[in-house]
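Structural overview
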Amino acid sequence: MAEKQAPTLLRPEELTPARQAIDGVLAELDRQLLGRTNLHRLVMAGILSQGHILLEGLPGMGKTALIAALGKLLRMDFRRVQFTPDLMPGDILGTHILQQKADGERAMEFQPGPVFTNILLADEINRASPKTQSALLETMQERSVTLLGTTHQLPRPFFVLASQNPIELEGTYPLPEAQLDRFLFKINVPNVSEDVLADIVSSRRRGEAPAPVNTLSAAAFNDVLAVMERVHLAPVIAAYIARLVSATHPESPGLPADMAEYIQYGASPRAAIGIGEAARAWALMNGRPTVGFEDVRAVAAAVLNHRMILNFKARYDKVTPATIVEALIQTLPATDLDLPSTIQPVTQ
């Protein structure tokens, strides 16, 4: 029986151009939207993982500007849909229209909706009705639209980047857990520091960002994705991801006892897949051909914080999913080996 060959690791001459291309996009994002360095890197990791991203933050925090800038920098087709209570599924997916042909016959012809794009900004996604929200389920999972028994494939790549306001509750419809689970990341967009605000006031007249000067062609982006496919994830890292996701369930022995009382339901297997892909992206962004424990820890909160369902006690005690993820990272050992206390695995 032939032995299984070890995967061929990325060579420096393959890794360096991809990292330089990513660094160019990130530097441009940092120049256009000030004070968002870590946010930009998480969003880029989500894009490289070909996942969907939910941005949650107060109005005016630059969520829409970030997504629009990303579309320009990656030279992708970008469309924005403002979600409102009266928005219908056909307004997003498209519809069939009765058309008269040259020979006089009439036939239903499909008119594609705004979802037929590369980057779809679903602005204020929680303001649309559940019926309209559910129209995105197939597009986010299968990258296709099925109407009247016919399936239409969406352009590749395809990303849904959605935004929502965490404090506006009147007239909103919270996303169901099944739809939240289809987002690779849920990222909270925080406020910026006083120094950054001063820079914004002095350099952003009327809130206008400078024109992009360093963009990435579609071919170059596809080359980066091809390199991303070859970033190696070792079995020991896969086992760590599996134990991390399993520990989000209240009955898991790996969950700290003081955290178990706050969790009602843990994360799904899709979370483990998401962490693996996002960790590959994080490793590539840092010039590493293989995934390390630090890459898993860097993306774990963004993948898990919308997949754990907490109970009322957690809200009362002001315990958030991010708090639980941080506790898991601090307490869960990198390997399940019973090592002496004087020996610890290398995690950096």
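Our structure's up above, just so we're on the same page.
Criteria and thresholds
- Residues numbered from 1 in each chain as written.
- Predicted model: local features only at pLDDT ≥ 70, side-chain atom pairs only at ≥ 80, totals over all residues.
- Heavy atoms only, no water.
- Pairing = 2+ DSSP bridges.
- Helix = DSSP H or I, 4+ residues; strand = E, 2+ residues; numbered from the N terminus.
- Axes fitted to C-alpha atoms, helices over the stretch in contact; angles between N-to-C directions.
- Phe/Tyr/Trp six-rings, centres within 6.5 Å; stacked < 30°, edge-to-face > 60°.
- Buried < 20%, exposed > 50% of the residue type's maximum accessible area, 1.4 Å probe, protein only.
- Polar contact = N/O pair within 3.5 Å; in protein donor to acceptor, adjacent residues only side chain to side chain.
- Contact = heavy atoms within 4.5 Å.
- Expected span 1.5 Å × (residues − 1).
- Core = buried A, V, L, I, M, F, W, Y, C linked by side-chain atoms within 4.5 Å.

**Points about the sheet that holds strand S5 (residues 119–123)**
Ordered in space as S2-S5-S8-S1-S9, the five strands form an open sheet in which the pairing is parallel. Of all the strands in the sheet, the pair left with one neighbour each is strand S2 (78–82) and strand S9 (183–188). Across the sheet, the mean angle separating the axes of adjacent strands is 15° when strand polarity is ignored. Two strands pair when backbone bridges link them, and S2 and S5 are joined in this way by five bridges, in the parallel orientation. Bridged to Gln82 within S5 is Asp123.

**Notes on the packing of aromatic side chains**
Using the criterion set out here, one finds two aromatic pairs in the structure. Their ring planes at 65° and their centres at 5.7 Å tell us that Phe110 and Phe116 sit as a pair that is edge-to-face. By the burial criterion, Phe110 is buried, and Phe116 matches it. Judged by centre distance (5.3 Å) and plane angle (80°), the rings of Tyr240 and Phe293 are edge-to-face.

**Description of the side chain of Ser144**
Relative to the helices and strands, Ser144 is located in strand S6 (residues 144–147). Taking relative accessible area as the criterion, Ser144 reaches 4% and is therefore assigned buried. Within polar-contact distance, the side chain of Ser144 engages the side chain of Glu138 at 3.0 Å. Setting aside residues no more than four positions away along its own chain, Ser144 makes contact with Glu138, Thr139, Thr151, His152, Gln153 and Leu154.

**Topic: the pairing of S9**
Most of S9 is tucked away: five of the six residues are buried. Alignment of strand S1 (residues 52–56) against S9, held across five bridges, turns out to be parallel. Residue pairing across strands places Glu56 opposite Asn188, the latter belonging to S9.

**As for unusual backbone geometry**
Of the consecutive residues Arg156 and Pro157, the connecting peptide bond is found in the cis state with omega at -5°. At Arg143, a residue that is not glycine, the phi angle is positive and equals roughly 55°. As for its placement among the helices and strands, Arg143 is situated in the loop between helix H6 (136–142) and S6. Notably, Lys318 is not glycine yet its phi reads approximately 60°, a positive angle. Turning to its location among the elements, Lys318 is positioned in the loop between helix H14 (312–316) and helix H15 (321–331). Its relative accessible area of 74% is what places Lys318 among the exposed residues.

**Considerations on helix H2 (residues 37–48)**
Each turn of an α-helix holds 3.6 residues, which means side chains three or four residues apart point in the same direction. The terminal C-alpha atoms of H2 lie 17 Å apart, and with 12 residues this matches the ideal 16 Å at 1.5 Å per residue to within 8%. The buried fraction of H2 is high, at nine of 12 residues. Among all positions in H2, only Leu39, His40, Leu42, Val43, Met44, Ala45, Gly46, Ile47 and Leu48 are buried. Downstream of H2 by one or two residues, Gln50 has phi in the positive range, about 55°.

**Quick notes on the nonpolar core**
Judged by nonpolar contacts, the single largest core of 80 residues is most densely connected at Leu48, Phe185 and Leu304. Take this core: its biggest share by element is nine residues, from helix H12 (residues 269–285). With sequence-adjacent residues up to four places away left out, Leu48 is seen in contact with Ile22, Phe221, Val224, Leu225, Met228, Ala281 and Met285. With 25 residues, the next largest nonpolar core counts Ile92, Phe110, Ile125 and Leu147 among its residues.

**Some remarks on the environment of Gln50**
As for its placement among the helices and strands, Gln50 is situated in the loop between H2 and S1. For the pair Gln50 and Ala278, spaced 228 residues apart in the sequence, the C-alpha separation amounts to 9.1 Å. When sequence neighbours within four positions are dropped, the list of residues in contact with Gln50 reads Arg143, Phe159, Leu225 and Glu229.

It is worth stressing that arrangement in space is one thing and function is another; only the former is reported here.
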